[in-house]
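One-letter residues, chain by chain:
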Amino acid sequence: MSQVVAVQADDPVVTFFAVAGYQLSETWQDKRAISYTFTREAKSLWVRWLRSEDKVTAAQLEQFVQSVEQQSDDHLSACFIAADFSKAALTQAERDASEQLLLLRWHKHKLTPVYPYHQTVADSFQAKASSAEPLYIGVFTAKGGVGKTTIAAHLAGAFALMGQSVVLLDLDPDRNLRKLFADDNTSQDDVAMMQVPATRKGETAATIRVLAPEQWRARKFPDVNIVIADCSPVLSENPAKLIKRFDVCVMPTTLNPLGIAKHADVMTRTFAHIRTLNATARLMAVINNYDASADAQKRNAVLFAYLQSSLAAYFEADGRAMLIHPEEAKIRHSNSLLYWGYHIIEGSSPQLAFKETAGRSYPRSDFLQLAEVVEREALPNIVAVA
C-alpha cells in the first residue's frame, strides 16, 4: 500500500528536476520505490525511484512504460530511476520508448541520464569472452509446432540487437533456418545470413550467420560470442559433443489444456537426456504463443500452475532446471510471428518479425526479455568456467 511521505530539503530527485524548472506536487512510497509528481507549466512528470541495488530488467521497464501509457495523457512524461539498467532494458528503451521517457542511474549519490543519453554498458559476457569461448545455447522441442526454430532465430536477433555477434547452428534435418535466412533458396551456396537493423543511428547493422554444425569452428569465427543451436527434434541426432558445450538449453512450450501433461512428460525426458551428457547447463522452459489478453489472465494462471505441478518432481531433483514465469519472459501470440517466413513466399529479403506496429514490436520486447533471462541464468556457468 502506498503512503504519502515528506520530502527532505536535500532530496536529490527534487534538486535534479528543480534545475529544469519542475516543481514538486506530491510524493508517495510503497515497499519498493518512491514516486514523485512534478509540474512545469501545463506538463506533468511522474518519477519512480526504485530503491534497490538490482538492475531493472526489460520486463520491469515494459511494465513501467505500459503504466505510463495507460494514463492516456499527452502532457505526461515519465522518469525511472534505478541503480542500473540491464542491457536488454536499455535496448528495449532505445527501440520502443518515446521521447517522453527518461532513465536515470543513481550511483555514488549522483543521478546520471542513461536514456535517451545512452552510455556504453559493460558487456555482461566479459567473463566468458575472456576465456575466448562463446556462450552456447541449445533450443529444443517438446513436440512439433511449438516454435523451436522461430524461438532460436528471434533469440539470436535479440542478442544481435544487444550488440552481440551471433551464429545460428542449424541441426534440424529440415534445415528450416537456412531456408528462412537465405536470399536465394534455389542456390546450393551454403551462405545464409540476415541483417538485424542497428539500435541507434550511426551503428552498423548486425549480421546473423546460419551454419551447419560441421561448418562451425570457434577459431574460424573469433568475433562470435553467442552460438545458438536449433536442435533436431530427434534427440539422438544432436551431436553429443555439442550438447556437452551448452551453457543454457531452452525449450518452448504452450499453455494448452490438452497437451500440458504430455508436454511435461516429453520435456522432462528431454531435460533428463541432456543431463546425461551435460551436468552443468541451465535447462529452462518458456511459454510460447501466450495469450496476453485481459480475459485470459485467470485461465493462464490456472494452466501455468498446472504445468508447474506437472514439472515439479523433475525440477525438485534437478536444481538447474526451471520454468520461466511469464512475468519474467514469455513469447506472446502475434500475427507477425505466426506469419514469419512469408518472405519466402513473396520472394523478399529475409527479415525477423521485429517490424514495428504503431511504434511498438511485442516480439522484439519479448525476445529481449527472454535473452535477458538466458543471460542472467548463464552467468553462474560463465563465472565457473572462466
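Report follows, based on the coordinates. The model shown is predicted, which means the values in this text are computed figures rather than measured ones. (Residues numbered from 1 in each chain as written. Predicted model: local features only at pLDDT ≥ 70, side-chain atom pairs only at ≥ 80, totals over all residues. Heavy atoms only, no water.)

What about the packing of aromatic side chains?
By the definition in use, this model includes 13 aromatic pairs. Between Phe16 and Phe17, the aromatic rings sit 5.1 Å apart at their centres with planes inclined by 75°, giving edge-to-face as the arrangement. These aromatic residues form a ring-pair network of at least three members: Phe16, Phe17, Tyr22, Tyr36 and Phe38. A cation over a ring is seen here: Arg51 above Trp49, with NZ or CZ 4.1 Å from the ring centre. (Phe/Tyr/Trp six-rings, centres within 6.5 Å; stacked < 30°, edge-to-face > 60°. Lys NZ or Arg CZ within 6 Å of the ring centre and 35° of its normal.)

Structural notes on the layout of surface pockets
Taken as a whole, the largest pocket holds about 850 Å³ of empty space. Around the largest pocket, the lining is made up of 26 residues, and of these Ala59, Gln63, Gln66, Glu327 and Lys330 lie nearest the centre. Those elements that provide at least two residues to the lining of the largest pocket are strand E4 (43-50), helix H2 (58-69) and helix H9 (297-317). In terms of residue count, H2 provides more of the lining of the largest pocket than any other element does, seven residues in total. Tallied by class, the residues present in the lining of the largest pocket amount to ten nonpolar, nine polar and seven charged. (1 Å grid on protein atoms, 1.4 Å probe; cavity = no way out; pocket = protein on both sides within 12 Å on 5 of 7 lines; lining within 4 Å. Points joined across faces, edges and corners; volume = space filled by probe spheres on them. Helix = DSSP H or I, 4+ residues; strand = E, 2+ residues; numbered from the N terminus. Nonpolar A, V, L, I, M, F, W, Y, C, P; charged D, E, K, R; others polar.)

Concerning helix H5 (residues 148-161)
The terminal C-alpha atoms of H5, which comprises 14 residues, lie 20 Å apart, in line with the 20 Å expected from a rise of 1.5 Å per residue. A large share of H5 lies buried, amounting to 13 of its 14 residues. (Expected span 1.5 Å × (residues − 1). Buried < 20%, exposed > 50% of the residue type's maximum accessible area, 1.4 Å probe, protein only.)

Comments concerning the pairing of strand E3 (residues 33-40)
In terms of residue burial, E3 counts as a mostly covered element, since six of its eight residues are buried. The hairpin formed by strand E2 (residues 23-29) and E3 contains three residues between the paired strands. In the sheet, E3 pairs with E4 via eight bridges, with the strands oriented antiparallel. Its bridge partner being in E4, Thr39 is matched across the sheet by Ser44. Hairpin connection, E3 to E4: the antiparallel pair is bridged by two residues, and Glu41 has positive phi, about 55°. (Pairing = 2+ DSSP bridges.)

None of this, on its own, says anything about what the molecule does.
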